[in-house]
Amino acid sequence: MFSLAKLAKPALGLLAGFTMMAAATTLAAADETRVVFVTHGQSGDPYWSVVKNGMDDAAKTLGVKAEYLAPETFDMAKMGQMIDAIAASKPDGMVVSIPDAAALSTPVKNAVAAGIPVIVIDSGGSKLTHDLGGLLFMGQDEFQAGVMAGERIKVLGLTKAVCANHEVGNSSLDDRCAGFAKGLGVDVPVMNGVIDPTEMKNRVIAYMTAHADTQFILAVGARGAEPTLAALDELGLAGKVKTGTFDLSPTILQAVVAGKMEWGIDAQQYAMGYIPVAMFDLWKKYKIMPIADYPTGPGFVTKDTAASVIELSKLGKR
Amino acid sequence: MVSEIRDERVRSVSRLSRLLSRPELGAAAGTVLVFVFFAITAGGTGLFSAKGIINFLEVSAQLGILAAPVALLMIAGEFDLSVGSMIGFAGILIAIPAVFWGWPIWLSLLFTFAVCGGIGALNGLAVVRTGLPSFIVTLGSLFMLRGLTLGLTRGISGRTQVSGVHELAQNDPLNSLFSGQVFSGLIAWLSNIGLIGKRADGLPSISGIPVSIVWWIVLTLACTWLLTRSRFGNWIFAAGGEANAARNLGVPVARTKITLFVMTALAAALFAAIQVLVTGSADTLRGTQKEFEAIIAVVIGGTLLTGGYGSAIGAMFGALIFGVVQMGIFYTGIDTDWFKLFMGAMMVIAVLFNSYVRNRAMRSR
């Protein structure tokens, strides 16, 4: 058995060391612009991973200090506390996503009141951003992107569709499904999926067996799209039952090139990471800030354009 | 006559009641119940077609591969909550050297099994040395492994999913061991004589039996043999029943437990190898919640949460119930928003039925 007292001394020493190191960095970096991201998406999510890559690249290129924070589960109370804590540390700029206005309005308003400039990315939308005193909104309106996807399918004359959602309860994915149904103009059932690729694939197979008249499958992210492609392959329906997805991955782009998938919808979320860092740097140095919102998506990547972005997707930029 | 003289301490037990007192009996009964339920609600929808059967067996098999060694560990009185994140970690360990460093697949597979086995041994050592509950120790490794996986993957690839394994694995000697199919010839023949349906394009609805199902059966049989026919099996029961008494009798309790932690870690690596080679990609979130699903399967299978009693065959039935319920709901046409409610209820009913049957069997002895 080990004794706690024996451990306590070196631990305290270490702690003191860290504190001094932290203090030293703060002093050295007094002039460096410091931007903090607090979002609802973990950097482990393939979508948010690209946002963080954009942030990291901008920070490196511009010599800006940038940090990325997100609660490890979809926990709005915790995210609100994180915003409060970051606001108290007085960064030069804060970038937030607002997937739940009721839970996050107060922390964001308080941060603005404390003099922190705030840019909202991904979720929240333009109106809410300006109501809360944010500078501008950047991102893809998920519902509107879904509407545009639905309209594209309606033009093809397909009416029997399903929305394969690998993470039901995630509001932006739910918005994508809901927008799709609106754009298509008919009821679209939601197939509840999972993150496990084998179970996801087999659920799509099961769904297609029970609903053989389905003409189009919309996946709402790479984690749903790749198993959907595998399922259609196994059923011998690849290319016959049409499918499309939100977000990109190398596998998705290859499928688009091969004609197995209609399109991938790119939110160009790399820009949501990169541009706010650059904007806050300009804001701190010269008080320059764009005066209008910045929609980054939806960009439809089709057979004509997919091949050219596969390499970029492998690098985590698209 | 000599044969008529009987020791009065030995009670004669009929073959039937011996069968009824086996831990897997309740699980087998639960399995029958679940199959009957789906035969009634989804009988004509294709759940019990060749494609449908392979569909749920594949899900059951992957969980079952995990559940068999987890059952042994739980019988020995310990938990391993790290198996879920071990799956994600192992997948990345396979994919990154292959995709980014140009290692052949067989080498990165061997490397992965070695590293995961080592971490399993560390888990075991930490449990037996500190005396902390394994629930806490492996809860710590659950988080550490997830963080390590994410940090490594993002640091090396800039993404959280690594794809491109399919192309690299095509001519690898170990590829068909994890992602292949068996009995393809038999399936084609069965399809020709009309016993197995065809797809729209004329090919058989299934092209073979996924090799993961073979792994599942072999692993379950191996664990069953280990548990019931080997000295190591006696050690497992002894360690989980009364560890101190076992130690006094000379059972190497610490060594037994460490070995079992290595086995669960290796099973997680096997799960990952199968999933990475079948899907062609690795993902930092793979295996999320598999630790709980494995424990559920083991408990449905009649193993006690407190240790000392259980079976690997039972875990097989548990995984089978899980797979059938998971997939069966999609064939019933029930609105999938109610999916988890339904699944949870089926689980509880299966376990209740399981323990009811077992109690009846024990009482009748």
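Everything below is about the structure printed above this text.
Along each chain, residues carry numbers from 1 onward, in the same order as the chain's sequence is written. Key to labels: chains lettered from A, ligands numbered from 1, both in the order written. With pLDDT at 70 or above as the cut-off, local features in this predicted model cover only qualifying residues; side-chain atom pairs require 80 or more to be listed or tallied, and sums for whole chains, interfaces and linings still use all residues. In computing side-chain values, all of the structure's heavy atoms are included and hydrogens and water are not.

Asks: Got a minute to help me understand the overall build of chain B in this structure?
Replies: Secondary structure elements are defined from DSSP: runs of H or I of at least 4 residues count as helices, runs of E of at least 2 residues count as strands, and each element is numbered from the N terminus. The helix and strand inventory of chain B stands at 16 helices and four strands. By its C-alpha atoms, chain B is 70 × 55 × 45 Å across when sized along the principal axes. For the exposure calls, accessible area comes from a 1.4 Å probe over protein chains only, and a residue counts as buried if that area is under 20% of its type's maximum, exposed if over 50%, partly exposed in between. Taking all 365 residues of chain B together, the buried fraction comes to 53%. Here the contacts in chain B between residues at least 6 apart in sequence split such that 78% fall between residues at least 24 apart. Counting rule applied: Lys, Arg positive; Asp, Glu negative; His and chain ends not counted. A single reference atom marks each charge: NZ on Lys, CZ on Arg, CG on Asp, CD on Glu. Across chain B, the centroid of the 25 positively charged side chains sits 6 Å from that of the 16 negatively charged ones. Throughout, a contact is declared for two residues whenever any of their heavy atoms are within 4.5 Å.

Asks: Can you walk me through the overall build of chain A in this structure?
Replies: Along the backbone of chain A there are twelve helices and twelve strands. On the principal axes, the C-alpha backbone points of chain A span a range of 65 × 60 × 40 Å. Counting over 318 residues, chain A shows a buried share of 52%. Excluding contacts between residues fewer than 6 apart, the proportion of contacts in chain A whose partners are at least 24 apart in sequence is 73%. Residue burial considers only the protein chains on display, and all accessible areas are found by Shrake-Rupley using a 1.4 Å probe. Here chain A has roughly 13,500 Å² of accessible surface; of this, 61% comes from carbon and sulfur atoms.

Asks: Looking at this model, I keep getting lost on the sheet that holds strand 9 (residues 242–246) of chain A. Mind explaining?
Replies: Sheet strands pair via backbone hydrogen bonds, and the direction of the pair is either parallel or antiparallel. All names here are of chain A. Criterion used throughout: strands pair if DSSP finds at least two bridges between them. The six strands are arranged 7-6-8-9-10-12 in an open sheet whose pairing can be described as mixed. Every other strand in the sheet has two partners, leaving strand 7 (190–192) and strand 12 (299–301) as the edge strands with one partner each. Each strand axis lies, on average, 25 degrees off the axis of its neighbour in the sheet, ignoring direction. By the bridge criterion, four bridges tie strand 8 (residues 216–219) to strand 9 in an arrangement that is parallel. Helix axes are fitted only over the stretch in contact, all axes being lines through C-alpha atoms; the angle between N-to-C directions runs from 0 to 180 degrees.

Asks: How should I be thinking about the packing of aromatic side chains in this particular structure?
Replies: Geometrically, a pair of aromatic rings is defined through the distance of the ring centres and the angle of the planes. Residue and element names in this part refer to chain A. Pairing of aromatic rings covers Phe, Tyr and Trp, the last counted by its six-membered ring, and requires centre-to-centre distances within 6.5 Å; plane angles under 30 degrees mean stacked, over 60 mean edge-to-face, and any other angle means tilted. One pass over the full model with this rule turns up 16 aromatic pairs over all chains. Seen from their ring centres, Phe180 and Phe216 are 5.8 Å apart, and the 25 degrees between their planes marks the pair as stacked. Placement of Phe180 in helix 7 (residues 171–184) and of Phe216 in strand 8 is noted, with a sequence separation of 36 residues between them. The same class applies to Phe180 as to Phe216, namely buried. An aromatic cluster is defined as three or more aromatic residues linked by ring pairs; in this entry it consists of Phe180, Phe216, Trp263 and Phe300. Across from the ring centre of Phe300, 3.8 Å away, lies the NZ or CZ of Arg152, which sits over that ring. Whether a charge sits over a ring depends on NZ of Lys or CZ of Arg being within 6 Å of the ring centre and within 35 degrees of the ring normal. Just above the ring of Tyr47 sits the side chain of Arg176; from NZ or CZ to the centre is 5.8 Å.

Asks: Would you mind showing me how to read the side chain of Thr256 of chain B here?
Replies: Residue and element names in this part refer to chain B. Tracing the chain through its elements places Thr256 in helix 13 (residues 253–279). Note on Thr256: relative accessible area 1%, which makes it buried. Each residue touching Thr256, except ones within four places of it in the same chain, is listed here: Phe232, Trp235 and Ile236.

Asks: Can you walk me through the interface of chain A and chain B in this structure?
Replies: In many reports, interface size means the accessible area that the parts give up when they come together. If you look at the interface, chain A gives 42 residues, while chain B gives 35 residues. A simple way to read buried area is as the amount of 1.4 Å-probe accessible surface that goes missing from two parts once joined, with both sides added. The contact between chain A and chain B buries some 3,100 Å² in all, and 47% of this surface belongs to carbon and sulfur atoms. When the area that chain A buries against chain B is broken down by residue, the three leading residues are Glu199, Asn202 and Arg203 of chain A, summing to 16%. One side-chain nitrogen of Lys or Arg within 4 Å of one carboxyl oxygen of Asp or Glu is enough to make a salt bridge. The interface formed by chain A and chain B holds six salt bridges in total. Residues Asp56 of chain A and Arg154 of chain B are paired through a salt bridge, measuring 3.9 Å at the closest nitrogen-oxygen approach. Counting of polar contacts relies on pairs of N or O atoms within 3.5 Å, with two restrictions inside protein: one atom must be capable of donating a hydrogen and the other of accepting it, and residues adjacent in sequence are counted only when both atoms are side-chain atoms. The tally of links between chain A and chain B comes to 16 residue pairs in polar contact (both at pLDDT 80 or more). For the side of chain A that touches chain B, the elements supplying multiple residues, two or more each, are helix 2 (46–62), strand 7, helix 8 (197–210), helix 9 (222–235), helix 10 (250–257) and helix 12 (303–314) of chain A. Ranked by the residues each element gives to the side of chain A that touches chain B, the list is headed by helix 8 of chain A, at ten residues. Residues are grouped as follows: nonpolar covers Ala, Val, Leu, Ile, Met, Phe, Trp, Tyr, Cys and Pro; charged covers Asp, Glu, Lys and Arg; every other residue, Gly included, is treated as polar. A breakdown of the residues in the side of chain A that touches chain B according to their chemical character gives 15 nonpolar, 13 polar and 14 charged.

Asks: Quick question: what am I supposed to make of the side chain of Asp283 of chain B here?
Replies: Turning to its location among the elements, Asp283 of chain B is positioned in strand 4 (residues 281–283). A distance of 3.1 Å separates polar atoms of two side chains, one belonging to Asp283 of chain B and the other to Gln161 of chain B. In this structure, Asp283 of chain B is in contact with Arg223 of chain A together with Gly88, Ile92, Thr160 and Gln161 of chain B, ignoring residues within four places of it in sequence.

Asks: How should the pairing of strand 1 (residues 34–38) of chain A be read in this particular structure?
Replies: For a regular strand, side chains alternate in direction, first toward one face of the sheet and then toward the other. Residue and element names in this part refer to chain A. Among the five residues in strand 1, five count as buried, and that is most of the element. Side chains of strand 1 alternate between two faces, with Arg34, Val36 and Val38 and Val35 and Phe37 buried alike. Relative to strand 2 (residues 65–69), strand 1 runs parallel, the two sharing five bridges. When the sheet's bridge partners are listed, Val35 is paired in strand 2 with Ala66. Here a crossover is taken to be right-handed if, once the strands point away from the viewer, the path from the first strand over the helix to the second is traced clockwise. Each parallel crossover has a hand, and for strand 1 linked through helix 2 to strand 2 it is right-handed. Pairing of strand 1 with strand 3 (residues 93–96), which is carried by four bridges, proceeds in the parallel orientation. Of the residues in strand 3, the one forming a bridge with Val38 is Val96.

Asks: Can you help me understand the packing of helix 8 of chain A against helix 15 (residues 312–332) of chain B in this one?
Replies: Each pair of packed helices gets described by two things: the angle between the helix axes and the distance between those axes. It is at 8 Å that the axes of helix 8 of chain A and helix 15 of chain B come closest, and there the two elements cross at 25 degrees. Our classification of the angle between helix 8 of chain A and helix 15 of chain B gives roughly parallel. For helix 8 of chain A against helix 15 of chain B, the interelement crossing comes out right-handed. Within the contact between the two elements, helix 8 of chain A uses Glu199, Asn202, Arg203, Ala206, Thr209 and Ala210 of chain A and helix 15 of chain B uses Gln326, Met327, Phe330 and Tyr331 of chain B. Looking at the contact of helix 8 of chain A with helix 15 of chain B residue by residue, the class counts come to five nonpolar, three polar and two charged. Each angle receives one of four descriptions, namely roughly parallel if under 35 degrees, roughly antiparallel if over 145, roughly perpendicular if within 65 to 115, and oblique otherwise. Crossing handedness is read from the near helix: turned anticlockwise from the far helix by less than a right angle, it gives a left-handed crossing, and turned clockwise, a right-handed one.

Asks: When you look at the sheet that holds strand 5 (residues 136–139) of chain A in this model, what are you seeing that I'm missing?
Replies: All names here are of chain A. Reading across the sheet, the six strands line up as 2-1-3-4-5-11 and stay open at both edges, with parallel pairing between neighbours. At either margin of the open sheet sits one strand with a lone partner, and together these are strand 2 and strand 11 (294–295). Its contacts with the sheet place helix 2 against strand 1, strand 2 and strand 4 (118–121), and it is angled at close to 165 degrees to strand 2.

Asks: I'm lost on empty space enclosed by the protein in this one. Help?
Replies: The gaps of empty space that remain are located by a probe, the size of a water molecule, rolled over the atoms. Cavity means a closed set of points on a 1 Å grid over the protein atoms alone, one where a 1.4 Å probe fits but cannot get out, pocket means an open set with protein on both sides within 12 Å along at least 5 of 7 lines, and lining means a residue has an atom within 4 Å of a point. Grid points are joined across faces, edges and corners, and a volume is the space filled by probe spheres set on the points. Going through the model one piece at a time under the given rule, you end up with three cavities of 30 Å³ or more. Around the largest cavity, the lining residues are Asp196, Thr198 and Glu199 of chain A together with Val59, Gln62, Leu63, Phe271, Lys290, Glu293 and Phe322 of chain B. Residue assignment for the lining of the largest cavity shows that the elements contributing at least two residues are helix 8 of chain A together with helix 3 (50–75) and helix 14 (290–300) of chain B. With three residues, the single largest contributor to the lining of the largest cavity is helix 3 of chain B. Looking at the lining of the largest cavity residue by residue, the class counts come to four nonpolar, two polar and four charged.

Asks: For this particular structure, what's the right way to read unusual backbone geometry?
Replies: Excluding glycine, a negative phi dihedral is what most residues carry, and trans is how most peptide bonds are arranged. Residue and element names in this part refer to chain A. For the bond from Gly297 to Pro298, the omega torsion is 5 degrees, close enough to zero to count as cis. As for its placement among the helices and strands, Pro298 is situated in the loop between strand 11 and strand 12. Of note in the backbone geometry, Lys90 takes a positive phi value of approximately 55 degrees without being a glycine. When you line up the elements, Lys90 lands in the loop between helix 3 (76–88) and strand 3. With phi around 70 degrees, Asp122 is a residue other than glycine that occupies positive phi space.

Everything listed is a geometric property; what it means functionally is a separate question.
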